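# Structural description and commentary
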Amino acid sequence: MLAVTFVLLGGSVGAGPADPGDDGKKAVLDTEPKLTLTPALPPASPGRLTAIEENPTFAPNGKDRHYTNGAKLAYTTSQLSESSFWSRPFAWLGGSLFNRPTALTDDRLEWTIFSQSIFTAENHNRGNPDPEDRPFAAWLHGGFTFLQNTDDKQLTAIDLQVGVVGPWALGRQVQNNFHTVFGEQQVRGWSYQIHNEPGITLSWNRHWRCNHDLGGGYSWEIIPEAGATVGNVLTYAEVGALARVGRGLKADWGPDTLQPGLTGTSYFSSERAGVNWGYDVYAGVQGRAVALNIFLDGNNFKDSRSVAKTPGVGDLVTGIELFYRDTVRLGFTFVVRSPEFYKQRGPDQFGGFNLSFGF
């Protein structure tokens, strides 16, 4: 919005001795109107529907084992108004978990309509899986994420997910029905999956943008990030960083992936980048100190299959993404994940696609 301030300065200067340096002339003040401009806010971008699919078959050397599939469908709102009920947590937690608002702060809410992750042992042909291999398990959940973009310099996310692990998470049905459709062998071993248990996770994460403009909408940047997750499904602390180069980088904060992992969340706004189309390539790393992983440690309240997890896990990621206005965003991420339990044979690899539409 333009703020126009007309300041009319006039009148004569009071009488008094002339300054020796002005040859006895009286000071004259500029009587022309002065125009003061305040920064214009970028127009609000629309809400977005996002779909994510992760699978080891998308990786060059991926094996159908351990983390065998992840899927998510979510809706992210446009910028929340100050009067919205969902804006209240940003106000309550401003200055602590969130930043205090500025003129360019953009607050949004992401609804996870559903998300499912499936885990299996390496050998799918054994009716009784190797007890020293990863247990069969699935995690079906939904929830919401508060997203705050502060001046395109920091992104803060608070995420709450609630769901269930065990047979109610429908891992067996999804995997074996998929195999049936594509004429693949049925996966055995699901009779030994971890038991039903309600699950909850609460996460806080913050990204910092260090952007270097190259002109013409192009730039390169480094995005460090840190966060923590607590709950009876996953409990861990994380640190990481993402390096990107391309056009329109300020439209988002990196790839949208499933947690745990290095994710820029679903936040997106091409108006913040100031370009109609853009693309980038990226590479990054994240390390996690893991206190609890129910998919390795087994159930919290019942005896179940379990393995000895490694307390530290690292991800290497690389990928590419592109967008056209706020209409469509498409990306692919390749991930190499270090062994998550002591007797695991080598790292895991998987790829992930994310596609979102604005409307």
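The coordinates are above.
Residues numbered from 1 in each chain as written. Predicted model: local features only at pLDDT ≥ 70, side-chain atom pairs only at ≥ 80, totals over all residues. Heavy atoms only, no water.

### Topic: the side chain of Thr145
Structurally, Thr145 can be placed in strand β4 (residues 137–150). Side-chain polar atoms of Thr145 contact the side chain of Asp159, separated by 2.5 Å. Ignoring sequence-local partners within four residues, the contact set of Thr145 consists of Arg108, Leu109, Glu110, Ala157, Ile158, Asp159 and Gln161. (Helix = DSSP H or I, 4+ residues; strand = E, 2+ residues; numbered from the N terminus. Polar contact = N/O pair within 3.5 Å; in protein donor to acceptor, adjacent residues only side chain to side chain. Contact = heavy atoms within 4.5 Å.)

### With respect to the pattern of salt bridges
Pairing of side chains with opposite charge becomes possible as their charged atoms draw close. On inspection of all chains with the given rule, the structure shows 19 salt bridges. A salt bridge links Asp280 to Arg244; its shortest N-O distance comes to 3.4 Å. Taken together, the positions of Asp280 in strand β10 (residues 277–293) and Arg244 in strand β9 (residues 234–247) put the pair 36 residues apart, joining distant regions of the chain. Overall, Asp280 belongs to the buried group, its relative accessible area being 4%. Overlapping salt bridges bring together Arg209, Glu221, Arg244, Asp252, Asp280, Glu321 and Arg329 as one network. (Salt bridge = Lys/Arg side-chain N within 4 Å of Asp/Glu carboxyl O. Buried < 20%, exposed > 50% of the residue type's maximum accessible area, 1.4 Å probe, protein only.)

### A short note on the side chain of Thr105
Tracing the chain through its elements places Thr105 in the loop between α1 (88–92) and β3 (106–120). In this structure the side chain of Thr105 is engaged in a polar contact, spanning 2.8 Å, whose partner is the backbone nitrogen of Thr102.

### Side note on helix α2 (residues 171–181)
Among all positions in α2, only Gly171, Gln175, Asn176 and His179 are buried. Down the axis, α2 shows its buried residues gathered within 100° of arc, on one side only. Counted as exposed and oriented over 90 degrees from the buried face of α2: Thr180 and Val181. The inward-facing, buried residues of α2 contact β2 (66–76), β3 and β4. One or two steps after α2, the chain reaches Gly183, where phi turns positive at roughly 70°. (Arc of directions from axis to C-beta.)

### Remarks on the pairing of β4
Most of β4 is tucked away: twelve of the 14 residues are buried. Across twelve bridges, the pairing between β4 and strand β5 (residues 154–165) is antiparallel. Counterpart to Thr150 in the pairing with β5 is Gln154. Linking β4 back to β5 in an antiparallel pair, the connection comprises three residues, with Asp151 at a positive phi of about 55°. (Pairing = 2+ DSSP bridges.)

### Some details on empty space enclosed by the protein
Applying the stated rule across the entire model yields five cavities of 30 Å³ or more. Volume-wise, the largest cavity comes out at about 400 Å³. Around the largest cavity, the lining is made up of 33 residues, and of these Lys72, Asp159, Gln161, Leu258 and Gln259 lie nearest the centre. Among the elements that line the lining of the largest cavity, the one with the most residues is strand β6 (residues 197–208), at five residues. (1 Å grid on protein atoms, 1.4 Å probe; cavity = no way out; pocket = protein on both sides within 12 Å on 5 of 7 lines; lining within 4 Å. Points joined across faces, edges and corners; volume = space filled by probe spheres on them.)

### What about the layout of surface pockets?
In this structure, the second largest pocket spans a volume of roughly 270 Å³. Every element with two or more residues in the lining of the second largest pocket is listed here: β1 (48–55), β2 and α2. The class makeup of the residues in the lining of the second largest pocket is four nonpolar, six polar and three charged. (Nonpolar A, V, L, I, M, F, W, Y, C, P; charged D, E, K, R; others polar.)

### Looking at the packing of aromatic side chains
Centre-to-centre distance and the angle between the planes together describe a pair of aromatic rings. Scanning the model with the defined rule gives 19 aromatic pairs in all. Arranged with centres 5.0 Å apart and planes meeting at 90°, the rings of Tyr67 and Phe350 form a pair that is edge-to-face. Taken together, the positions of Tyr67 in strand β2 and Phe350 in strand β13 (residues 348–358) put the pair 283 residues apart, joining distant regions of the chain. In this pair, the class of Tyr67 matches that of Phe350, namely buried. Ring pairs connect the aromatic residues Phe85, Trp86, Phe90, Phe98, Trp111, Phe144 and Phe146, which therefore count as one cluster. Between Arg247 and the ring centre of Trp277, over which it is positioned, the NZ or CZ distance is 4.2 Å. (Phe/Tyr/Trp six-rings, centres within 6.5 Å; stacked < 30°, edge-to-face > 60°. Lys NZ or Arg CZ within 6 Å of the ring centre and 35° of its normal.)

### Things to note about the nonpolar core
Inside soluble globular proteins, nonpolar side chains tend to come together where they are buried. By size, the foremost hydrophobic cluster in this structure holds 27 residues, and its most contacted members are Val165, Ile194, Val233, Leu242, Ile294 and Phe295. Elements with a minimum of two residues in this core: β4, β5, β9, β10, α4 (294–297) and β11 (312–324). Setting aside its immediate chain neighbours within four residues, Leu242 contacts Glu221, Ile222, Ile223, Trp253, Gly254, Pro255, Leu262, Tyr282, Ala283, Gly284 and Val317. The next biggest cluster of nonpolar side chains, apart from the first, holds six residues, and it includes Leu80, Phe90, Phe98 and Leu109. (Core = buried A, V, L, I, M, F, W, Y, C linked by side-chain atoms within 4.5 Å.)

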